[in-house]
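Notes for the structure review
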Amino acid sequence: MKFTELNLPENILKALKKMGYEDMTPIQEATYPAIFSGQDLCALAETGSGKTAACAIPLIQKVDPELNAIQVLVLVPTRELCMQYMAEIQKLAAHTELVPYAVYGGFDKCIQVSTLKHKVHILVATPGRLIDLLYDGVLSFAQVKCAILDEADELLKVGFLEDIEFILSCILHEHQTLLFSATMPEDIKKLAHDCMRNPQHISLITERAGPESIEHYFSYCHPKQKQEELIKYLAGEVVDQALIFCNARHKVDTLFHAIRKDLKDIDYMHAGLTQDKRSGIIRKFRSCKLRYLIASDVAGKGLDFSHVSHVINWDFPRDSEQYTHRTGRTGRMGRKGKAFTFISKHDVPRLRDLIRIKKITPCWIGNDPLSEISTTQEPKPRRKKRTFRPRPAKAVQKAE
Ligand code: AMP
């Protein structure tokens, strides 16, 4: 959904345009109605999902710039997040009269106190410094309409539970509470239960396939042999749908043109295509009109397909998280899935890390470079097996 479909005030649309935000991210689309309507919300969402703007866009519209008081309070676990959150709000509120401000430890408290005494509408804070300021008596929460607990699981990990409970207990009147967390352990559930009124629960965590539902195949072959190996591998498999990941747009293009004649019902997708084209391809793939989709990670972000039986890493993923993210597109809902990854010589150290970190049991198609004495050599192109057929003397001579 596009932001322009939301009926947003001109000053926010102007900021969004300047920031280059056109389409809402899934978390923004899913949470906007609840946040805008004032409902409490408990959202399971990953870092980097667009949570900040998801909160800021509806809330900016509700803050009264004429009222000189803190109206939105955001609690974050670290200074870095505090600054990052603040920077995003500043940009989104750039064409309004609102004053956002961040307070965190390690920064001159006197400056913070004088700014707070002057005018602040949206306060982003780490719990420790906020409590200091509360004890100093320079803060009033009398006009707070909304409290946000961002990265709640991280807040709790660093031992802030009591601090948070204390801070929230200082808001004495009814208000909206929004909680964002990447995981939902028992203590977060309890916190949500204790400090929220009938919250809406939203989960936007990509369901990651456990290692037990995916078989992890690897092929250590010469780059020139990858295409032939891929076609051979797919021909020997029962493929419902396969997602083939490349690390760059131009690789997606090149691979598509190289293999389109061998694989039927294939298309490709990357961030260089228009949004309309990408949406069309996603629709076709989701409705199983396409069997193979070559994609870059940017284009593949947030895609949820239920019929993917195979994930191919044409290029080795950047890190183990990216590997999990890509391969998690298969083996969903308890179904079996297969991941097939090409390895080159320089991928071997990262492969070792991947296997260790993700506790993967690799199945090798061809050579296993990890068990070879030397992995410093580039895999040699495998020669085609030839059956010896004696040639007529004349032909041999000609070949010489
Ligand atoms: P956050 O999860 O809030 O830290 O956001 C992650 C990143 O996504 C930040 O760099 C934001 O600037 C960016 N972002 C948030 N919403 C959008 C959007 N609708 N379109 C494009 N980028 C966005």
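Residues numbered from 1 in each chain as written. Predicted model: local features only at pLDDT ≥ 70, side-chain atom pairs only at ≥ 80, totals over all residues. Heavy atoms only, no water.

Comments concerning the packing of aromatic side chains
This model, assessed by the stated rule, comprises 10 aromatic pairs. Arranged with centres 5.5 Å apart and planes meeting at 10°, the rings of Tyr 32 and Phe 36 form a pair that is stacked. Here Phe 36 and Tyr 32 lie together in helix 2 (residues 26–37), a separation of four residues that amounts to about one turn. Aromatic side chains Tyr 217 and Tyr 233 sit 6.4 Å apart centroid to centroid with 45° between the ring planes, which places their arrangement in the tilted category. Pair noted here: Tyr 217 is in strand 8 (residues 214–220) and Tyr 233 is in helix 10 (residues 226–235), with a separation of 16 residues, a long-range link. Summarising the burial analysis for this pair, Tyr 217 and Tyr 233 share the class buried. Here the aromatic cluster, defined as three or more aromatic residues joined through ring pairs, consists of Tyr 217, Tyr 233, Trp 314, Phe 340 and Phe 342. One residue, Lys 62, lies across the ring of Phe 36, its end atom 6.0 Å from the ring centre. Here the guanidinium or amino end of Lys 226 rests over the ring plane of Trp 314, the centre of that ring lying 4.6 Å away. (Phe/Tyr/Trp six-rings, centres within 6.5 Å; stacked < 30°, edge-to-face > 60°. Helix = DSSP H or I, 4+ residues; strand = E, 2+ residues; numbered from the N terminus. Buried < 20%, exposed > 50% of the residue type's maximum accessible area, 1.4 Å probe, protein only. Lys NZ or Arg CZ within 6 Å of the ring centre and 35° of its normal.)

Quick notes on unusual backbone geometry
Its identity as a non-glycine residue notwithstanding, Glu 151 has a phi of 50°, on the positive side. Turning to its location among the elements, Glu 151 is positioned in the loop between strand 5 (146–149) and helix 7 (152–157). Overall, the relative accessible area of 9% leaves Glu 151 in the buried class. The phi angle at Cys 288 is positive, at roughly 65°, despite the residue not being glycine. Considering the arrangement of structural elements, one finds Cys 288 in the loop between helix 12 (275–286) and strand 11 (292–296).

Observations regarding the sheet that holds strand 14 (residues 362–364)
Spatially, 10-11-9-12-13-8-14 is the arrangement adopted by the seven strands of the open sheet, whose pairing is parallel. If you trace the sheet from one side to the other, it starts and ends with strand 10 (266–269) and strand 14, each paired once. The sheet shows a mean angle of 20° between the axes of neighbouring strands, taken without regard to direction. Of the strand pairs in this sheet, strand 8 and strand 14 are connected by three bridges, and their pairing is parallel. Paired with His 216 across the two strands is Pro 362, which belongs to strand 14. Contacts from helix 10 reach strand 8, strand 11, strand 12 (310–313) and strand 13 (337–343), with the element oriented near 165° to strand 13. (Pairing = 2+ DSSP bridges. Axes fitted to C-alpha atoms, helices over the stretch in contact; angles between N-to-C directions. Contact = heavy atoms within 4.5 Å.)

Concerning the site of the ligand
Near the ligand, the surroundings consist of 12 residues, among which Tyr 21, Asp 23, Gln 28, Gly 50 and Thr 52 are the closest. The contact in question runs from an oxygen atom of the ligand to an N or O atom on the backbone of Lys 51, over 3.3 Å. Contact with the protein chains removes 68% of the 490 Å² of surface that the ligand exposes when unbound. (Near = heavy atom within 4 Å. Polar contact = N/O pair within 3.5 Å; in protein donor to acceptor, adjacent residues only side chain to side chain. Areas by Shrake-Rupley, 256 points an atom, 1.4 Å probe, with all protein chains shown as cover.)

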